[in-house]
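Fold and geometry: a report
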Amino acid sequence: MNRFLALIRRKRVWIPLALVAAYGIFGFFVAPGILRGQIVSGIRKNLGREARLAKVRLNPFILSVTLEGFELRDPDGTPFVAFDRLYMDIQLSSLVRWALTLREFTLAGPRIHVRVMPDGNPNFLDLIPKEKGETPRLVVGRFALKQGSFRFTNLMAAEPEDARIEPLDLELKDFTT
């Protein structure tokens, strides 16, 4: 017992423990608020659209990210893309593979509303990049889409036409770009 007490009294034990604790506190409690604000303001600044994100959760020890209650609106305020929950389990092997490597990517309750506007352009035309770049490498162990909904509206017609596909469920394993 005395050896144990002597061990925990040493600085070389407390410093690493304090660093791990600080990393955990920052990752669990501070970083989610920062990330939530950066996501919403980044979308507003770079896309010129309003976004809402209810909650961000991080686990810094297993490198997972969960986004909850996301909604992206069209410039006219109509909901365009939304989801209830997005979960990503990021792998440390991303560093050696030079590719974003995800053990799991799960999207629960996604909703997409594509509209063909009266001028014939889709409502997402402003989101398509003008310059061409290299597609980033992506490795995904498990991709799951749960209870999705796709809605299509044609506003070019004299009377708007509306179609829905739901529920959408999809699971893919071990794929890469």
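Below: a short report on this structure. (Residues numbered from 1 in each chain as written. Predicted model: local features only at pLDDT ≥ 70, side-chain atom pairs only at ≥ 80, totals over all residues. Heavy atoms only, no water.)

Tallying secondary structure elements over the protein gives three helices and seven strands in all. Its helices and strands in sequence order give the protein the pattern α-α-β-β-β-α-β-β-β-β, from N to C terminus. Relative to the compact-globule value of 16 Å for 177 residues, the protein shows a C-alpha radius of gyration of 22 Å, a clear excess of over 25%. In terms of principal-axis extent, the alpha carbons of the protein reach across some 85 × 35 × 30 Å. (Helix = DSSP H or I, 4+ residues; strand = E, 2+ residues; numbered from the N terminus. Rg over C-alpha atoms; globule rule 2.2 N^0.38 Å.)

Our next topic: the pattern of salt bridges. Overall, the coordinates contain 13 salt bridges when judged by the stated rule. Put simply, Arg-73 and Glu-71 hold a salt bridge, and the shortest N to O gap is 3.1 Å. Arg-151 serves as the salt-bridge partner of Asp-162, at 3.0 Å between the closest nitrogen and oxygen. With Asp-162 in strand S7 (residues 161–176) and Arg-151 in strand S6 (residues 138–154), this pair connects stretches of sequence that are eleven residues apart. The exposure class of Asp-162 is partly exposed, given its relative accessible area of 43%. Take Arg-151: its relative accessible area is 27%, and that puts it in the partly exposed class. (Salt bridge = Lys/Arg side-chain N within 4 Å of Asp/Glu carboxyl O. Buried < 20%, exposed > 50% of the residue type's maximum accessible area, 1.4 Å probe, protein only.)

What follows covers the packing of aromatic side chains. Counting across every chain of the model gives seven aromatic pairs. When the ring of Phe-28 is compared with that of Phe-29, the centres are 6.5 Å apart and the planes differ by 55°; the resulting orientation is tilted. Residue class for Phe-29 comes out exposed when judged on its relative accessible area of 66%. Taken together, the ring pairs in this structure connect Tyr-23, Phe-28, Phe-29 and Phe-61 into an aromatic cluster. Directly above the ring of Phe-80 sits Arg-49, whose terminal nitrogen or CZ lies 5.3 Å from the centroid. (Phe/Tyr/Trp six-rings, centres within 6.5 Å; stacked < 30°, edge-to-face > 60°. Lys NZ or Arg CZ within 6 Å of the ring centre and 35° of its normal.)

It is worth spelling out the pairing of strand S3 (residues 79–90) at this point. Judged from the nine bridges that link them, strand S2 (residues 64–73) and S3 form a sheet pairing that is antiparallel. The residue bridging Glu-68 from the neighbouring strand is Arg-85, located in S3. As consecutive antiparallel partners, S2 and S3 are separated by five residues, and within that stretch Gly-77 has a phi angle of approximately 95°, a positive value. Taken together, the two bridges between S3 and strand S5 (residues 111–116) define a ladder with antiparallel strand orientation. Bridge pairing links Val-81 to Ile-112 in S5. As judged from the six bridges shared by S3 and strand S4 (residues 100–108), these two strands associate in the antiparallel manner. Opposite Asp-89, over in S4, you have Glu-104 as the bridge partner. (Pairing = 2+ DSSP bridges.)

Pairing of S4 with S6 involves eight bridges; the strand directions are parallel. Bridge pairing in S6 places Leu-100 opposite Leu-138. Two elements, S6 and S7, share twelve bridges in a ladder whose sense is antiparallel. In the strand pairing of S7, Asn-154 is matched with Glu-161. If you look at the hairpin formed by S6 and S7, you'll find six residues sitting between the two strands.

Before going further, it helps to spend a moment on the environment of Thr-176. Within the element layout of this structure, Thr-176 appears in strand S7. For the pair Thr-176 and Ala-99, spaced 77 residues apart in sequence, the C-alpha separation works out to 9.3 Å. When sequence neighbours within four positions are dropped, the list of residues in contact with Thr-176 reads Leu-138 and Val-139. Looking at Thr-176, its side chain comes within polar contact range of the main-chain oxygen of Leu-138, at 2.9 Å. (Contact = heavy atoms within 4.5 Å. Polar contact = N/O pair within 3.5 Å; in protein donor to acceptor, adjacent residues only side chain to side chain.)

This part covers the side chain of Asp-74. Locating Asp-74 in the fold gives a position in the loop between S2 and S3. Relative accessible area serves as the criterion here: at 4%, Asp-74 is assigned to the buried category. A polar contact is formed between the side chain of Asp-74 and the side chain of Arg-115, at a distance of 2.9 Å. The residues contacting Asp-74, other than those within four sequence positions of it, are Arg-49, Phe-80, Arg-115 and Asn-123.

Interpretation in functional terms is not warranted from these geometric data alone.
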